[in-house]
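# Survey of secondary and tertiary structure
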Amino acid sequence: MGANGGGANGARALDRRGTGGWESVLEAERALSPGAEWQSELYRVAVDQFRRAADVLELEPEIRARLLEPRRSLVVNFPVRLDDGEVQSFTGYRVQHTLTMGPMKGGFRYGPGVSLGECAALAMWMTFKCALVGLPFGGAKGGVRCDPNRLSEGELERITRRYASEIFPIIGPDRDIPAPDIATGEREMAWFMDTYSQQVGHPVPEIVTGKPLVLGGTEGRDIATGLGVVYCVEELLATLDQAVADQRVVVQGFGNVGATVVREMAERGATIVGVSDVTGGVVDPNGLDIGALDEWVKANRFVRDFPYATGVSRLEILEQPCDILVPAAVEQQITEENAARIDARWIVEGANGPTTPEADEILARRGIDVIPDVLANAGGVTVSYFEWVQDQQKLAWQGAEVAARLRMQLDDAFARVSEARERLGTDWRTAAQAVAIERVADASRLRTIYP
Ligand code: NAD
(Lines give C-alpha, C1' and ligand atoms only; values in the text may rest on other atoms or scores of the structure.)
Protein backbone atom coordinates (compact mmCIF):
# COMPACT_ATOMS: atom_id res chain seq x y z
CA MET A 1 0.00 0.00 0.00
CA GLY A 2 1.54 3.25 -0.90
CA ALA A 3 0.66 6.86 -1.31
CA ASN A 4 0.25 7.99 -4.86
CA GLY A 5 3.02 9.84 -6.72
CA GLY A 6 4.40 13.11 -5.45
CA GLY A 7 2.93 15.37 -8.15
CA ALA A 8 5.45 17.39 -10.15
CA ASN A 9 8.31 16.49 -7.81
CA GLY A 10 7.46 12.79 -7.97
CA ALA A 11 7.39 12.97 -11.76
CA ARG A 12 10.84 14.57 -11.77
CA ALA A 13 12.18 11.78 -9.56
CA LEU A 14 10.82 9.18 -11.99
CA ASP A 15 12.31 10.98 -15.01
CA ARG A 16 15.75 10.73 -13.48
CA ARG A 17 15.42 6.96 -13.14
CA GLY A 18 16.16 6.66 -16.85
CA THR A 19 19.25 8.88 -16.90
CA GLY A 20 21.06 8.66 -13.58
CA GLY A 21 20.19 5.23 -12.09
CA TRP A 22 18.85 4.54 -8.59
CA GLU A 23 21.30 6.80 -6.77
CA SER A 24 19.96 9.84 -8.51
CA VAL A 25 16.41 8.66 -7.84
CA LEU A 26 17.16 8.52 -4.12
CA GLU A 27 18.81 11.91 -4.29
CA ALA A 28 15.76 13.38 -6.00
CA GLU A 29 13.41 11.77 -3.48
CA ARG A 30 15.42 13.19 -0.59
CA ALA A 31 14.96 16.61 -2.16
CA LEU A 32 11.17 16.25 -1.91
CA SER A 33 9.85 18.44 0.85
CA PRO A 34 8.39 16.44 3.77
CA GLY A 35 4.79 15.60 3.09
CA ALA A 36 5.00 16.20 -0.66
CA GLU A 37 2.70 13.22 -1.25
CA TRP A 38 -0.04 14.80 0.85
CA GLN A 39 0.46 18.36 -0.39
CA SER A 40 -2.76 20.35 -0.10
CA GLU A 41 -3.88 23.59 1.48
CA LEU A 42 -5.54 21.71 4.34
CA TYR A 43 -2.44 19.60 5.05
CA ARG A 44 -0.39 22.82 5.15
CA VAL A 45 -2.79 24.14 7.81
CA ALA A 46 -2.62 20.91 9.85
CA VAL A 47 1.19 20.90 9.73
CA ASP A 48 1.38 24.58 10.66
CA GLN A 49 -0.86 24.02 13.71
CA PHE A 50 1.15 20.93 14.70
CA ARG A 51 4.46 22.81 14.47
CA ARG A 52 3.21 25.66 16.65
CA ALA A 53 2.24 23.26 19.43
CA ALA A 54 5.36 21.12 18.96
CA ASP A 55 7.52 24.26 19.34
CA VAL A 56 5.75 25.22 22.57
CA LEU A 57 6.37 21.69 23.89
CA GLU A 58 9.96 21.66 22.58
CA LEU A 59 9.13 18.26 21.09
CA GLU A 60 12.15 16.22 20.04
CA PRO A 61 12.77 15.96 16.25
CA GLU A 62 12.31 12.18 16.20
CA ILE A 63 8.74 12.35 17.53
CA ARG A 64 7.96 15.34 15.29
CA ALA A 65 9.02 13.36 12.25
CA ARG A 66 6.89 10.39 13.31
CA LEU A 67 3.78 12.52 13.74
CA LEU A 68 4.14 14.89 10.79
CA GLU A 69 3.28 12.36 8.10
CA PRO A 70 0.61 9.65 8.01
CA ARG A 71 1.70 6.06 8.52
CA ARG A 72 -0.44 4.54 5.77
CA SER A 73 -2.24 5.97 2.76
CA LEU A 74 -4.31 3.95 0.34
CA VAL A 75 -5.57 5.33 -2.98
CA VAL A 76 -8.10 3.27 -4.92
CA ASN A 77 -9.72 3.67 -8.32
CA PHE A 78 -12.83 1.68 -9.05
CA PRO A 79 -15.57 1.46 -11.69
CA VAL A 80 -19.24 1.95 -10.87
CA ARG A 81 -22.17 1.47 -13.24
CA LEU A 82 -24.41 4.54 -13.27
CA ASP A 83 -28.18 4.41 -13.67
CA ASP A 84 -27.95 5.24 -17.41
CA GLY A 85 -25.77 2.17 -18.01
CA GLU A 86 -22.50 4.13 -18.39
CA VAL A 87 -19.51 3.09 -16.27
CA GLN A 88 -17.65 5.82 -14.38
CA SER A 89 -14.34 5.50 -12.56
CA PHE A 90 -14.12 6.95 -9.02
CA THR A 91 -11.10 7.66 -6.82
CA GLY A 92 -11.24 6.88 -3.11
CA TYR A 93 -8.82 7.30 -0.21
CA ARG A 94 -8.15 5.99 3.27
CA VAL A 95 -5.38 7.59 5.30
CA GLN A 96 -4.26 6.26 8.69
CA HIS A 97 -2.23 8.80 10.60
CA THR A 98 -0.86 6.84 13.54
CA LEU A 99 -0.95 3.19 14.56
CA THR A 100 0.51 3.89 17.99
CA MET A 101 -2.60 4.56 20.07
CA GLY A 102 -4.90 1.64 19.18
CA PRO A 103 -7.13 0.97 16.17
CA MET A 104 -7.63 3.88 13.78
CA LYS A 105 -10.84 5.88 13.77
CA GLY A 106 -12.24 8.48 11.41
CA GLY A 107 -15.07 9.28 9.02
CA PHE A 108 -15.33 9.07 5.27
CA ARG A 109 -16.83 11.79 3.10
CA TYR A 110 -18.14 12.35 -0.38
CA GLY A 111 -17.42 15.54 -2.31
CA PRO A 112 -15.97 16.86 -5.56
CA GLY A 113 -12.85 18.18 -3.78
CA VAL A 114 -11.95 15.08 -1.74
CA SER A 115 -8.21 14.40 -2.12
CA LEU A 116 -5.33 12.51 -0.53
CA GLY A 117 -3.99 15.72 1.03
CA GLU A 118 -7.38 16.61 2.52
CA CYS A 119 -7.72 13.13 4.04
CA ALA A 120 -4.16 13.33 5.43
CA ALA A 121 -4.90 16.59 7.24
CA LEU A 122 -8.20 15.31 8.61
CA ALA A 123 -6.56 12.04 9.74
CA MET A 124 -3.92 14.00 11.67
CA TRP A 125 -6.63 16.05 13.40
CA MET A 126 -8.45 12.82 14.28
CA THR A 127 -5.33 11.54 16.05
CA PHE A 128 -5.17 14.67 18.18
CA LYS A 129 -8.92 14.79 18.77
CA CYS A 130 -8.94 11.20 20.08
CA ALA A 131 -5.86 11.81 22.22
CA LEU A 132 -7.32 15.01 23.65
CA VAL A 133 -10.51 13.24 24.79
CA GLY A 134 -8.52 10.18 25.95
CA LEU A 135 -9.95 7.67 23.45
CA PRO A 136 -7.84 4.59 22.60
CA PHE A 137 -7.65 5.36 18.87
CA GLY A 138 -5.28 6.74 16.26
CA GLY A 139 -6.66 9.04 13.58
CA ALA A 140 -7.86 8.10 10.09
CA LYS A 141 -9.94 9.66 7.34
CA GLY A 142 -11.24 8.65 3.96
CA GLY A 143 -13.56 9.54 1.18
CA VAL A 144 -14.56 9.27 -2.44
CA ARG A 145 -14.20 12.10 -4.94
CA CYS A 146 -17.70 12.50 -6.37
CA ASP A 147 -20.58 14.95 -6.36
CA PRO A 148 -23.21 13.32 -4.12
CA ASN A 149 -25.84 15.89 -5.15
CA ARG A 150 -25.71 14.55 -8.73
CA LEU A 151 -25.89 10.86 -7.83
CA SER A 152 -29.00 8.75 -7.25
CA GLU A 153 -29.49 6.63 -4.14
CA GLY A 154 -28.67 3.49 -6.14
CA GLU A 155 -25.45 5.03 -7.48
CA LEU A 156 -24.41 6.16 -3.99
CA GLU A 157 -25.06 2.65 -2.68
CA ARG A 158 -22.89 1.07 -5.39
CA ILE A 159 -20.11 3.63 -4.73
CA THR A 160 -20.26 2.99 -0.96
CA ARG A 161 -20.21 -0.80 -1.31
CA ARG A 162 -17.36 -0.79 -3.81
CA TYR A 163 -15.35 1.72 -1.73
CA ALA A 164 -15.85 -0.50 1.35
CA SER A 165 -14.53 -3.57 -0.47
CA GLU A 166 -11.61 -1.63 -2.00
CA ILE A 167 -10.33 -0.49 1.42
CA PHE A 168 -11.21 -3.87 3.03
CA PRO A 169 -7.52 -4.92 3.39
CA ILE A 170 -6.69 -2.13 5.83
CA ILE A 171 -9.89 -1.79 7.89
CA GLY A 172 -11.46 -3.95 10.59
CA PRO A 173 -13.09 -3.59 14.02
CA ASP A 174 -9.64 -3.78 15.66
CA ARG A 175 -7.75 -2.04 12.84
CA ASP A 176 -9.67 0.94 11.47
CA ILE A 177 -13.31 1.82 12.13
CA PRO A 178 -14.92 4.31 9.70
CA ALA A 179 -17.80 6.68 10.54
CA PRO A 180 -19.95 9.39 8.88
CA ASP A 181 -18.61 12.71 7.70
CA ILE A 182 -19.67 15.25 5.06
CA ALA A 183 -22.46 13.84 2.85
CA THR A 184 -22.40 10.42 4.52
CA GLY A 185 -24.69 9.31 7.34
CA GLU A 186 -26.60 6.35 8.79
CA ARG A 187 -27.66 5.11 5.35
CA GLU A 188 -24.09 4.87 4.05
CA MET A 189 -22.93 3.27 7.33
CA ALA A 190 -25.61 0.55 6.93
CA TRP A 191 -24.41 -0.20 3.36
CA PHE A 192 -20.81 -0.20 4.55
CA MET A 193 -21.50 -2.52 7.48
CA ASP A 194 -23.45 -4.91 5.24
CA THR A 195 -20.67 -5.03 2.63
CA TYR A 196 -17.97 -5.77 5.23
CA SER A 197 -20.19 -8.41 6.87
CA GLN A 198 -20.85 -10.09 3.48
CA GLN A 199 -17.09 -10.28 2.89
CA VAL A 200 -16.31 -11.99 6.21
CA GLY A 201 -19.47 -14.11 6.29
CA HIS A 202 -21.08 -12.93 9.54
CA PRO A 203 -22.52 -9.66 10.91
CA VAL A 204 -19.83 -7.22 12.14
CA PRO A 205 -21.66 -4.16 13.50
CA GLU A 206 -18.47 -2.84 15.12
CA ILE A 207 -16.83 -2.22 11.70
CA VAL A 208 -18.43 1.26 11.51
CA THR A 209 -19.99 3.72 13.92
CA GLY A 210 -22.85 6.10 13.20
CA LYS A 211 -25.05 3.16 12.13
CA PRO A 212 -28.83 3.05 12.47
CA LEU A 213 -29.89 1.97 15.97
CA VAL A 214 -31.43 -1.28 14.74
CA LEU A 215 -28.09 -2.38 13.23
CA GLY A 216 -26.12 -1.82 16.42
CA GLY A 217 -25.91 1.96 16.43
CA THR A 218 -26.01 3.87 19.68
CA GLU A 219 -28.50 6.24 21.19
CA GLY A 220 -27.31 9.81 20.73
CA ARG A 221 -24.76 9.40 17.90
CA ASP A 222 -26.82 11.50 15.45
CA ILE A 223 -26.69 14.58 17.68
CA ALA A 224 -23.36 13.87 19.41
CA THR A 225 -21.12 16.29 17.48
CA GLY A 226 -23.53 19.23 17.69
CA LEU A 227 -24.27 18.49 21.35
CA GLY A 228 -20.53 18.43 22.06
CA VAL A 229 -20.19 21.89 20.49
CA VAL A 230 -22.95 23.14 22.80
CA TYR A 231 -21.33 21.53 25.88
CA CYS A 232 -18.10 23.37 25.03
CA VAL A 233 -20.01 26.66 24.73
CA GLU A 234 -21.60 25.99 28.13
CA GLU A 235 -18.22 25.26 29.73
CA LEU A 236 -16.71 28.38 28.20
CA LEU A 237 -19.56 30.60 29.36
CA ALA A 238 -19.54 29.04 32.84
CA THR A 239 -15.90 30.10 33.32
CA LEU A 240 -16.96 33.67 32.43
CA ASP A 241 -20.14 33.59 34.49
CA GLN A 242 -22.32 34.17 31.43
CA ALA A 243 -25.61 32.54 30.44
CA VAL A 244 -26.31 30.73 27.16
CA ALA A 245 -29.70 32.49 27.04
CA ASP A 246 -27.93 35.86 26.66
CA GLN A 247 -25.97 34.82 23.56
CA ARG A 248 -26.63 35.80 19.95
CA VAL A 249 -25.49 32.95 17.72
CA VAL A 250 -24.69 32.52 14.01
CA VAL A 251 -24.24 29.02 12.57
CA GLN A 252 -22.71 28.30 9.16
CA GLY A 253 -23.95 24.92 7.87
CA PHE A 254 -27.32 23.28 8.51
CA GLY A 255 -26.37 19.61 8.23
CA ASN A 256 -25.80 17.05 10.95
CA VAL A 257 -23.60 19.32 13.09
CA GLY A 258 -25.00 22.79 12.29
CA ALA A 259 -28.69 21.90 12.61
CA THR A 260 -28.09 20.21 15.99
CA VAL A 261 -26.18 23.24 17.29
CA VAL A 262 -29.02 25.52 16.13
CA ARG A 263 -31.73 23.40 17.79
CA GLU A 264 -29.84 22.78 21.05
CA MET A 265 -28.77 26.43 21.44
CA ALA A 266 -32.31 27.65 20.67
CA GLU A 267 -33.69 25.16 23.22
CA ARG A 268 -31.35 26.68 25.83
CA GLY A 269 -32.74 30.15 25.10
CA ALA A 270 -29.98 31.56 22.86
CA THR A 271 -31.04 33.88 20.01
CA ILE A 272 -30.14 32.37 16.64
CA VAL A 273 -29.57 35.42 14.42
CA GLY A 274 -28.21 33.66 11.31
CA VAL A 275 -28.07 30.22 9.67
CA SER A 276 -26.69 29.15 6.30
CA ASP A 277 -26.04 26.18 4.04
CA VAL A 278 -24.44 25.60 0.66
CA THR A 279 -27.13 27.74 -1.03
CA GLY A 280 -26.67 30.84 1.17
CA GLY A 281 -27.88 32.18 4.49
CA VAL A 282 -30.84 33.75 6.26
CA VAL A 283 -30.61 36.31 9.07
CA ASP A 284 -32.88 38.06 11.54
CA PRO A 285 -31.27 40.25 14.23
CA ASN A 286 -34.33 39.60 16.44
CA GLY A 287 -33.87 35.85 16.22
CA LEU A 288 -34.98 33.27 13.65
CA ASP A 289 -38.00 31.08 14.28
CA ILE A 290 -36.15 27.75 14.40
CA GLY A 291 -39.29 25.58 14.34
CA ALA A 292 -40.41 27.33 11.14
CA LEU A 293 -36.93 27.09 9.63
CA ASP A 294 -36.82 23.35 10.34
CA GLU A 295 -40.19 22.89 8.63
CA TRP A 296 -39.00 24.97 5.66
CA VAL A 297 -35.84 22.90 5.20
CA LYS A 298 -37.81 19.66 5.55
CA ALA A 299 -40.05 20.79 2.69
CA ASN A 300 -37.50 22.66 0.52
CA ARG A 301 -34.17 20.96 1.40
CA PHE A 302 -32.24 24.25 1.72
CA VAL A 303 -32.53 27.38 3.92
CA ARG A 304 -32.56 29.63 0.82
CA ASP A 305 -35.76 31.70 0.39
CA PHE A 306 -36.96 31.03 3.96
CA PRO A 307 -39.72 33.67 3.97
CA TYR A 308 -39.41 35.06 7.53
CA ALA A 309 -35.82 36.36 7.28
CA THR A 310 -33.39 38.35 5.14
CA GLY A 311 -31.25 36.42 2.66
CA VAL A 312 -27.43 36.78 2.68
CA SER A 313 -24.69 35.10 0.69
CA ARG A 314 -22.71 32.00 1.76
CA LEU A 315 -19.79 34.10 3.00
CA GLU A 316 -21.73 37.13 4.31
CA ILE A 317 -23.22 34.88 7.00
CA LEU A 318 -19.80 34.74 8.70
CA GLU A 319 -19.69 38.52 9.09
CA GLN A 320 -23.06 38.94 10.85
CA PRO A 321 -22.83 40.58 14.29
CA CYS A 322 -23.15 37.98 17.07
CA ASP A 323 -21.55 36.74 20.29
CA ILE A 324 -20.81 33.20 19.12
CA LEU A 325 -20.04 32.18 15.56
CA VAL A 326 -20.15 28.42 14.87
CA PRO A 327 -18.68 27.42 11.51
CA ALA A 328 -20.21 23.96 10.96
CA ALA A 329 -19.99 23.48 7.19
CA VAL A 330 -16.67 22.90 5.45
CA GLU A 331 -12.98 23.77 5.90
CA GLN A 332 -11.18 27.07 5.23
CA GLN A 333 -14.06 29.49 5.61
CA ILE A 334 -12.41 32.04 7.90
CA THR A 335 -9.30 33.25 6.12
CA GLU A 336 -7.01 36.28 6.01
CA GLU A 337 -9.49 37.75 3.52
CA ASN A 338 -12.49 37.93 5.90
CA ALA A 339 -11.00 37.54 9.43
CA ALA A 340 -10.87 41.31 9.94
CA ARG A 341 -14.63 41.54 9.33
CA ILE A 342 -15.73 38.78 11.72
CA ASP A 343 -18.06 40.45 14.21
CA ALA A 344 -18.18 37.82 16.99
CA ARG A 345 -16.70 37.48 20.48
CA TRP A 346 -16.02 33.74 20.17
CA ILE A 347 -15.67 31.27 17.34
CA VAL A 348 -16.51 27.67 18.25
CA GLU A 349 -15.43 25.32 15.47
CA GLY A 350 -18.06 22.68 14.66
CA ALA A 351 -16.42 21.96 11.29
CA ASN A 352 -12.94 20.55 10.85
CA GLY A 353 -10.35 23.14 9.80
CA PRO A 354 -12.68 26.10 9.15
CA THR A 355 -10.04 28.69 10.20
CA THR A 356 -6.66 29.17 8.48
CA PRO A 357 -3.48 29.96 10.49
CA GLU A 358 -3.38 33.45 8.91
CA ALA A 359 -6.94 34.10 10.11
CA ASP A 360 -6.03 32.74 13.57
CA GLU A 361 -3.40 35.46 13.87
CA ILE A 362 -5.77 38.24 12.83
CA LEU A 363 -8.48 36.98 15.19
CA ALA A 364 -6.00 36.75 18.09
CA ARG A 365 -4.94 40.38 17.50
CA ARG A 366 -8.62 41.37 17.54
CA GLY A 367 -9.29 39.54 20.81
CA ILE A 368 -11.61 36.94 19.26
CA ASP A 369 -11.07 33.55 20.94
CA VAL A 370 -11.32 30.38 18.86
CA ILE A 371 -12.37 27.14 20.55
CA PRO A 372 -10.70 24.71 18.12
CA ASP A 373 -12.23 21.82 16.18
CA VAL A 374 -10.20 19.11 17.95
CA LEU A 375 -12.00 20.08 21.17
CA ALA A 376 -15.32 21.57 20.04
CA ASN A 377 -16.39 18.84 17.61
CA ALA A 378 -14.91 15.88 19.52
CA GLY A 379 -18.40 14.82 20.68
CA GLY A 380 -18.92 12.82 17.48
CA VAL A 381 -15.92 10.54 17.85
CA THR A 382 -16.53 10.26 21.58
CA VAL A 383 -20.00 8.78 21.07
CA SER A 384 -18.61 6.73 18.17
CA TYR A 385 -16.23 5.24 20.72
CA PHE A 386 -19.21 4.50 23.00
CA GLU A 387 -20.94 2.79 20.05
CA TRP A 388 -17.87 0.64 19.32
CA VAL A 389 -17.57 -0.33 23.00
CA GLN A 390 -21.27 -1.31 23.17
CA ASP A 391 -20.97 -3.34 19.94
CA GLN A 392 -17.91 -5.17 21.24
CA GLN A 393 -19.69 -6.01 24.51
CA LYS A 394 -23.07 -6.74 22.87
CA LEU A 395 -24.99 -4.38 25.13
CA ALA A 396 -26.88 -1.12 24.69
CA TRP A 397 -26.78 1.98 26.89
CA GLN A 398 -29.73 4.30 27.45
CA GLY A 399 -29.66 7.75 25.83
CA ALA A 400 -29.28 9.47 29.20
CA GLU A 401 -26.22 7.37 29.99
CA VAL A 402 -24.63 8.26 26.63
CA ALA A 403 -25.29 11.98 27.18
CA ALA A 404 -23.92 11.89 30.75
CA ARG A 405 -20.75 10.06 29.70
CA LEU A 406 -20.27 12.45 26.76
CA ARG A 407 -20.60 15.44 29.05
CA MET A 408 -18.07 13.98 31.52
CA GLN A 409 -15.53 13.20 28.82
CA LEU A 410 -15.81 16.61 27.11
CA ASP A 411 -15.85 18.63 30.34
CA ASP A 412 -12.68 16.83 31.36
CA ALA A 413 -11.02 17.60 27.99
CA PHE A 414 -12.15 21.24 28.21
CA ALA A 415 -10.63 21.55 31.71
CA ARG A 416 -7.31 20.07 30.53
CA VAL A 417 -7.13 22.49 27.60
CA SER A 418 -8.04 25.42 29.86
CA GLU A 419 -5.28 24.45 32.28
CA ALA A 420 -2.73 24.01 29.45
CA ARG A 421 -3.67 27.41 28.02
CA GLU A 422 -2.80 29.08 31.34
CA ARG A 423 0.33 26.99 31.91
CA LEU A 424 1.76 27.39 28.40
CA GLY A 425 0.48 30.93 27.83
CA THR A 426 -0.98 30.10 24.40
CA ASP A 427 -4.24 30.38 22.50
CA TRP A 428 -6.91 27.66 22.79
CA ARG A 429 -5.89 25.86 19.60
CA THR A 430 -2.24 25.51 20.49
CA ALA A 431 -3.15 24.44 24.03
CA ALA A 432 -5.54 21.75 22.75
CA GLN A 433 -2.98 20.44 20.27
CA ALA A 434 -0.25 20.48 22.94
CA VAL A 435 -2.33 18.38 25.37
CA ALA A 436 -3.04 15.88 22.58
CA ILE A 437 0.50 15.77 21.17
CA GLU A 438 1.95 15.15 24.65
CA ARG A 439 -0.23 12.05 25.03
CA VAL A 440 0.67 10.64 21.61
CA ALA A 441 4.35 11.50 22.15
CA ASP A 442 4.35 9.67 25.51
CA ALA A 443 2.91 6.56 23.88
CA SER A 444 5.42 6.76 21.01
CA ARG A 445 8.36 7.04 23.43
CA LEU A 446 7.12 4.05 25.44
CA ARG A 447 6.64 1.84 22.40
CA THR A 448 10.04 2.94 21.01
CA ILE A 449 10.81 1.91 17.43
CA TYR A 450 10.33 -1.52 15.88
CA PRO A 451 12.58 -3.48 15.43
P1 NAD B 1 -23.37 17.58 6.47
O2 NAD B 1 -23.10 17.11 5.09
O3 NAD B 1 -24.46 16.93 7.26
O4 NAD B 1 -23.70 19.16 6.45
C5 NAD B 1 -22.87 20.11 5.85
C6 NAD B 1 -23.63 21.43 5.77
O7 NAD B 1 -22.75 22.44 5.25
C8 NAD B 1 -24.82 21.40 4.84
O9 NAD B 1 -25.84 22.23 5.37
C10 NAD B 1 -24.29 22.02 3.55
O11 NAD B 1 -25.32 22.60 2.75
C12 NAD B 1 -23.36 23.07 4.12
N13 NAD B 1 -22.31 23.49 3.21
C14 NAD B 1 -21.58 22.74 2.36
N15 NAD B 1 -20.72 23.51 1.69
C16 NAD B 1 -20.89 24.78 2.14
C17 NAD B 1 -20.28 26.02 1.84
N18 NAD B 1 -19.30 26.11 0.92
N19 NAD B 1 -20.71 27.11 2.51
C20 NAD B 1 -21.69 27.01 3.43
N21 NAD B 1 -22.30 25.87 3.76
C22 NAD B 1 -21.90 24.77 3.12
O23 NAD B 1 -21.97 17.51 7.24
P24 NAD B 1 -21.72 17.45 8.80
O25 NAD B 1 -21.61 16.03 9.21
O26 NAD B 1 -22.68 18.35 9.51
O27 NAD B 1 -20.24 18.05 8.88
C28 NAD B 1 -20.00 19.45 8.92
C29 NAD B 1 -18.58 19.67 9.40
O30 NAD B 1 -18.42 19.09 10.69
C31 NAD B 1 -17.48 19.06 8.54
O32 NAD B 1 -16.34 19.87 8.59
C33 NAD B 1 -17.19 17.74 9.23
O34 NAD B 1 -15.89 17.25 8.95
C35 NAD B 1 -17.33 18.18 10.67
N36 NAD B 1 -17.58 17.09 11.61
C37 NAD B 1 -18.67 16.28 11.48
C38 NAD B 1 -18.88 15.27 12.41
C39 NAD B 1 -20.11 14.39 12.37
O40 NAD B 1 -20.29 13.62 13.32
N41 NAD B 1 -20.95 14.47 11.36
C42 NAD B 1 -17.96 15.08 13.46
C43 NAD B 1 -16.87 15.94 13.57
C44 NAD B 1 -16.71 16.94 12.65
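Attention in this report is confined to the structure presented alongside it. No experiment lies behind these values; they were computed from the predicted model shown.

### Comments concerning the pairing of strand E8 (residues 280-283)
- Residues Gly-280 and Val-282 line one face of E8 and the alternating positions Gly-281 and Val-283 line the opposite face, and both faces are buried.
- Where strand E7 (residues 271-277) and E8 come together, 4 bridges link them in antiparallel fashion. Bridging from a neighbouring strand, Val-275 pairs with Val-282 of E8.
- Hairpin connection between E7 and E8: a loop of 2 residues separates the two successive antiparallel strands.

### What to know about unusual backbone geometry
- Residues Tyr-450 and Pro-451 are joined by a peptide bond in cis, for which omega reads 0°.
- Examined against the element boundaries, Pro-451 turns out to sit in the segment after helix H14 (428-447).
- In this structure, Asp-241 takes a positive phi of about 60° despite not being glycine.
- Looking at where Asp-241 falls in the secondary structure, it is placed in the loop between helix H7 (221-239) and strand E6 (248-252).

### Here's the deal with the sheet that holds strand E9 (residues 310-312)
- Taken together, the 7 strands give an open sheet; going across it, the order is E9-E8-E7-E6-E10-E11-E12, and neighbouring strands pair in mixed fashion. Whereas interior strands pair on both sides, the edge strands pair on one side only; in this sheet they are E9 and strand E12 (369-371). The sheet shows a mean angle of 20° between the axes of neighbouring strands, direction not considered.
- Of the pairings in the sheet, the one linking E6 to strand E10 (residues 324-327) comprises 4 bridges and is parallel in character. Each bridged residue has a counterpart across the sheet, and for Gln-252 the counterpart in E10 is Pro-327.

### Points about helix H9 (residues 290-300)
- Taken residue by residue, H9 has Ile-290, Leu-293, Asp-294 and Val-297 as its buried positions. For H9, the angular spread of the buried residues around the axis is 100°, confining them to a single face. Turned more than 90 degrees away from the buried face of H9 sit Glu-295, Lys-298 and Ala-299, all of them exposed.
- On its buried face, H9 is in contact with helix H8 (256-267), E7 and E8.
- The opening residue of H9 is Asp-289, an N-cap whose side-chain oxygen sits 3.2 Å from the backbone nitrogen of Gly-291.

### Thoughts on the sheet that holds strand E4 (residues 138-145)
- If you walk across this open sheet you meet the 5 strands as E1-E2-E4-E3-E5, and the pairing is mixed. The open sheet has two free edges, formed respectively by strand E1 (72-81) and strand E5 (176-180), since each of these has just one partner strand. Mean inter-strand twist for the sheet, computed between neighbouring axes without regard to direction, equals 25°.
- Note: E1 against strand E2 (residues 87-96), 10 bridges, orientation antiparallel. Paired with Pro-79 across the strands is Ser-89, a residue of E2.
- Across the face of the sheet, helix H6 (residues 186-200) comes into contact with strand E3 (104-111) and E5 while running at roughly 115° to E3.

### Re the site of the ligand
- Taken together, 22 residues form the shell around the ligand, and within it Thr-225, Phe-254, Asn-256, Val-257 and Asn-352 come nearest.
- In the environment of the ligand, an oxygen atom lies 3.0 Å from a nitrogen or oxygen atom belonging to the side chain of Asp-181.
- Note that an oxygen atom of the ligand is positioned 2.7 Å from one of the side-chain N or O atoms of Thr-225.
- If the ligand stood free it would expose 830 Å²; the protein chains cover 86% of that surface.
- Mapped by element, the contributors of at least two residues to the shell around the ligand are H7 and H8.
- Here the residues of the shell around the ligand sort into 9 nonpolar, 8 polar and 5 charged.

Procedures and definitions
- Residues numbered from 1 in each chain as written.
- Predicted model: local features only at pLDDT ≥ 70, side-chain atom pairs only at ≥ 80, totals over all residues.
- Heavy atoms only, no water.
- Buried < 20%, exposed > 50% of the residue type's maximum accessible area, 1.4 Å probe, protein only.
- Helix = DSSP H or I, 4+ residues; strand = E, 2+ residues; numbered from the N terminus.
- Pairing = 2+ DSSP bridges.
- Axes fitted to C-alpha atoms, helices over the stretch in contact; angles between N-to-C directions.
- Arc of directions from axis to C-beta.
- Contact = heavy atoms within 4.5 Å.
- Polar contact = N/O pair within 3.5 Å; in protein donor to acceptor, adjacent residues only side chain to side chain.
- Near = heavy atom within 4 Å.
- Areas by Shrake-Rupley, 256 points an atom, 1.4 Å probe, with all protein chains shown as cover.
- Nonpolar A, V, L, I, M, F, W, Y, C, P; charged D, E, K, R; others polar.

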